[in-house]
Amino acid sequence: MSPLWTFLPLGLAVVSAGTPWGFRGLSLSLGLAGLAWVALGGMGWAWGWGAPFLYLLLLGALTLGLAPYLPAYLAHHPREAHLYALLIPLFLASMAGVALTSPGFGFLFLWEGMALLGYFLVALEGPGALAGARAFFLASRLSGAGLYLAFLGQGHLGADWVWAGLLLGFGVKAALFPFHAWLPQAHPVAISPVSALLSGAMTKLGLLGLYQSQYWFGPPPLWVGWALVLLGLLGAVYALVRGLGEEDLKGALAYSSVENLGLMLSALGAYFLKPMPLLLGAFFLHQVAHALFKGLLFLGAGALEERRISHLGGLFRRAPELGALALWGMVAGAGLPPGPVFLAEWQLYQGFLQGPFLMPLAAGALALVGALALYFYVRLFGLAFLGLPRGEAGLHWARGMRLGLGALAGLLLLVAVAPGLILDPLGIRTYPNGFLLVLLGLLAGVFYRRIRQLPQREYGTWDCGFQPLTPRMQPNGLGFAEPALRLFPFLRLRAGEHPRLEEPLAEVYAGVGRAYSHLAALVQTLQSGSLHLYLLLQLLTLVVVLGVVLL
């Protein structure tokens, strides 16, 4: 069955962008596209048509969440709304096209088109987003260079060089440490629907590309598997510690994305070293779960006009629906049961412990990641949603936004209750998660009933028994994270009246950016206006192209 028919609703979305009923047409078209991708992707994954159809399922689920959310959100961006309504369907189509296309020039064309549309969507937010957009563009150029090396070098270069290009090309897109720096810069500055797509869907194309490359280019060399395991776990720890010091709510979510992607990369690397269904299950289930809960959290952050964590607080009382949805997303993100991330990480533990040579040691690193992730989300939810309000944070919580978040939360619950939808096609049998969920619910009910029967004295959160509580008595973002930050010397915490966090790795990237700017200025000197120089450059280009073709 050709999947091209699933792109038709997106064509209607693009056409409707310039009409008076644009937003209604956009919502309807995205909903149809999401349903079509979920149906086709689910059918293809269940019948063993391959990993691209699981990606189509994942993208369709995110699109279903965006369908009611986007028009309500864009109502607060009237100036750029029609541009977003035009570019987002094209961006969705390019990502689906990349997933379904075979390797070759068509693949590279769609890959570059997706990167260009992503750059426009980030930069469209305004002057404050230009630094993040440039980081995104620079990372896309690095990714493209790696893919050109691999695609053009196949048959001419050794497997080590080809896989080095693939690791660079797809690894940069999947935020492989230390090439992850573009992600925390680009994702937070985009509007929330774009952040959800970048984090939930686009980064997964890097993972999909690395997985599919074993069929396109042959088995990876041994060092590729070890590199993915080591860099993935290192990146997960680094991102969580750095995220503990992040003040921007969406910035913290972006660092959480780097952590989750690091775990998925380490699962794939371990699978390359020792192919086991458990590792493959961890790799794919974590992708679907991450797309859903990170889409839920980024879209939820879009309801807030204030994103500085130390200026938030008390949101659960103001918007209990938003608080409950965010709590469900963060419980899943922290890897707590019965969320699907818990099951994915449990499978990763078992895979590491059954792995060859020193791989069982990776289970210790995974335990550290789990502890840090719990600390990370307790800080995020506690400071933003509990306690007293630290300021007058505006809230935009329209009906369509509630529907979008509710759809993603429901799909996340479905994956938690029935992980077999993802794991059964891989031949992995799971415990009866639905039964466990009911059991946990009953235990929670009994515990709550016993707690309510005890004598109670009510205090506000963070007041330590002293009344009355004022917002100044609550810890700020860095104050809450300070005990953990002092344990990791690769970040410098400057305490004082105005505490700040210094990241030496960020200075390295700033230097690379300046070097790139100097190189670009040097290339611009070729625009001299001399006809002779232009003819010489064309001749040299022709010679290089002929050389590549003849080789």
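Overview of the structure. All figures in this text were calculated on a predicted structure; none of them were measured in a lab.

1. Re empty space enclosed by the protein
The final tally for this structure, using the stated rule, is five cavities of 30 Å³ or more. By volume, the largest cavity amounts to about 90 Å³. Residue lining of the largest cavity: 13 residues in total, with Leu-297, Gly-300, Ala-301, Ala-326 and Phe-385 positioned closest to the centre. Elements that contribute at least two residues to the lining of the largest cavity include exactly helix 11 (249-273), helix 12 (277-301) and helix 14 (320-333). When grouped by side-chain class, the residues that make up the lining of the largest cavity number twelve nonpolar, one polar and no charged. Of the volumes computed, that of the second largest cavity is approximately 60 Å³.

2. Considerations on the side chain of Glu-306
Mapped onto the elements, Glu-306 comes out in the loop between helix 12 and helix 13 (315-318). Judged by its relative accessible area of 18%, Glu-306 is buried. Within the local environment of Glu-306, its side chain forms a polar contact with the backbone nitrogen of Arg-308, the two atoms lying 2.9 Å apart. Every residue in contact with Glu-306, bar those within four places of it in the chain, is listed here: His-311, Leu-312, Ala-393 and Gly-394.

3. Looking at the packing of helix 12 against helix 17 (residues 399-417)
A pair of packed helices is characterised by two quantities: the angle between their axes and the separation of those axes. Relative to each other, helix 12 and helix 17 sit at 155°, their axes nearing to 9 Å. Relative to helix 17, the element helix 12 lies roughly antiparallel. Along this stretch, helix 12 crosses helix 17, giving a crossing that reads as left-handed. Side by side, helix 12 and helix 17 meet where Leu-285, Val-288, Ala-289, Leu-292, Phe-293, Gly-295, Leu-296, Leu-299 and Gly-300 of the first sit next to Leu-405, Leu-408, Ala-409, Leu-411, Leu-412 and Val-415 of the second. Looking at the contact of helix 12 with helix 17 residue by residue, the classes come out as 13 nonpolar, two polar and no charged.

4. Some points on the layout of surface pockets
Quantified by volume, the largest pocket comes out at close to 780 Å³. What lines the largest pocket is a set of 27 residues, and nearest its centre among them are Ala-135, Leu-138, Gln-185, Tyr-509 and Ala-510. For the lining of the largest pocket, the secondary-structure elements that each account for two or more residues are helix 6 (130-153), helix 8 (182-186) and helix 21 (504-524). By residue number, the principal contributor to the lining of the largest pocket is helix 21, which donates nine residues. Looking at the lining of the largest pocket residue by residue, the class counts come to 18 nonpolar, four polar and five charged.

5. Section: helix 9 (residues 192-216)
Taking 1.5 Å of rise per residue, the 25 residues of helix 9 would be expected to cover 36 Å, and the 35 Å separating its terminal C-alpha atoms lies within 8% of that figure. Remark: the principal bend of helix 9, roughly 35°, maps to Leu-198. Most of helix 9 sits out of view: 23 of its 25 residues are buried. Note on helix 9: the residue one or two positions beyond its end, Gly-218, has a positive phi of about 95°.

6. Regarding the environment of Leu-230
You can see Leu-230 is positioned in helix 10 (residues 222-244). Separated by 300 residues in sequence, Leu-230 and Ser-530 have C-alpha atoms that sit 51 Å apart.

7. A closer look at the packing of aromatic side chains
Taken as a whole and assessed by the stated rule, the structure comprises 24 aromatic pairs. For the pair Trp-49 and Phe-53, a centre-to-centre distance of 5.4 Å together with 75° between the ring planes defines the contact as edge-to-face. Assessed through its relative accessible area of 13%, Phe-53 is described here as buried. When the centroid spacing of 4.9 Å and the interplanar angle of 15° are considered together, the rings of Phe-381 and Phe-385 count as stacked. Here Phe-385 and Phe-381 lie together in helix 16 (residues 362-385), a separation of four residues that amounts to about one turn.

8. Overview of the pattern of salt bridges
Within this structure, the stated rule accounts for six salt bridges. Note that Arg-242 and Glu-246 form a salt bridge whose closest N and O atoms lie 3.5 Å from each other. Relative accessible area serves as the criterion here: at 13%, Arg-242 is assigned to the buried category. When the shortest N-O distance is used, the salt bridge between Glu-306 and Arg-308 registers 2.9 Å.

9. Some details on unusual backbone geometry
Here Phe-177 and Pro-178 are connected by a cis peptide whose omega angle stands at 5°. Structurally, Pro-178 can be placed in the loop between helix 7 (159-173) and helix 8. A positive phi is found at Ala-175, a non-glycine position, where the angle reads about 60°. Tracing the backbone shows Ala-175 in the loop between helix 7 and helix 8.

10. A closer look at a nonpolar patch on the surface
There is a patch of nonpolar side chains on the surface, built from Leu-536, Leu-539, Leu-540, Leu-542, Val-543 and Leu-546 and spanning about 560 Å² of accessible area. You can see Leu-542 is positioned in helix 22 (residues 531-550). On the basis of relative accessibility, which here comes to 49%, the residue Leu-542 falls in the partly exposed class.

Rules used throughout
Throughout this document, residue positions are counted from 1 along each chain, in the order its sequence is written. Local features are withheld for residues below a pLDDT of 70 in this predicted model, meaning they are given only at 70 or higher, and side-chain atom pairs are given and counted only at 80 or more; totals for whole chains, interfaces and linings count all residues. Only hydrogens and water are set aside when side-chain values are computed; all heavy atoms of the structure are taken into account. Buriedness for pockets is judged along seven lines, at least five of which must meet protein on both sides within 12 Å for an open set on the 1 Å grid over protein atoms alone, while cavities are sets there where a 1.4 Å probe fits but cannot get out, and lining residues have an atom within 4 Å of a point. Grid points are joined across faces, edges and corners, and a volume is the space filled by probe spheres set on the points. Numbering goes from the N terminus for both helices and strands, where a helix is a DSSP run of H or I of at least four residues and a strand is a run of E of at least two. When residues are grouped by polarity, Ala, Val, Leu, Ile, Met, Phe, Trp, Tyr, Cys and Pro land in nonpolar, Asp, Glu, Lys and Arg in charged, and all others, Gly among them, in polar. Only protein chains enter the accessibility calculation, which uses a 1.4 Å probe; a residue is then buried when its area is under 20% of its type maximum, exposed when over 50%, and partly exposed in between. Any pair of nitrogen or oxygen atoms within 3.5 Å is treated as a polar contact; in protein, a donor-acceptor pairing is required on top of that, and neighbouring residues in sequence qualify only through side-chain atoms on both sides. For this analysis, residues touch if any pair of their heavy atoms sits within 4.5 Å. Note on method: axes are straight lines fitted to C-alpha atoms, helices fitted across the in-contact stretch only, with angles between N-to-C directions ranging 0 to 180 degrees. An angle below 35 degrees is read as roughly parallel, one above 145 as roughly antiparallel, one from 65 to 115 as roughly perpendicular, and any other as oblique. The sense of a crossing depends on the near helix, which, turned anticlockwise from the far helix by less than a right angle, makes the crossing left-handed and, turned clockwise, makes it right-handed. Expected span, for any helix, means 1.5 Å times one less than how many residues it has. To get the bend at a given residue, fit one axis to the seven residues ending there, fit another to the seven starting there, and take the angle between those axes. Pairing of aromatic side chains here covers Phe, Tyr and the six-membered ring of Trp, requires ring centres within 6.5 Å, and sorts the geometry by plane angle: under 30 degrees stacked, over 60 edge-to-face, intermediate tilted. Criterion for a salt bridge: a side-chain nitrogen of Lys or Arg within 4 Å of a carboxyl oxygen of Asp or Glu. Residues with no salt bridge and a relative accessible area higher than 30% make up the patches, which join like charges within 9 Å and nonpolar side chains (Val, Leu, Ile, Met, Phe, Trp, Tyr) within 5 Å. The accessible surface values rely on the Shrake-Rupley method and a 1.4 Å probe; as for residues, cover is taken only from the protein chains in view.

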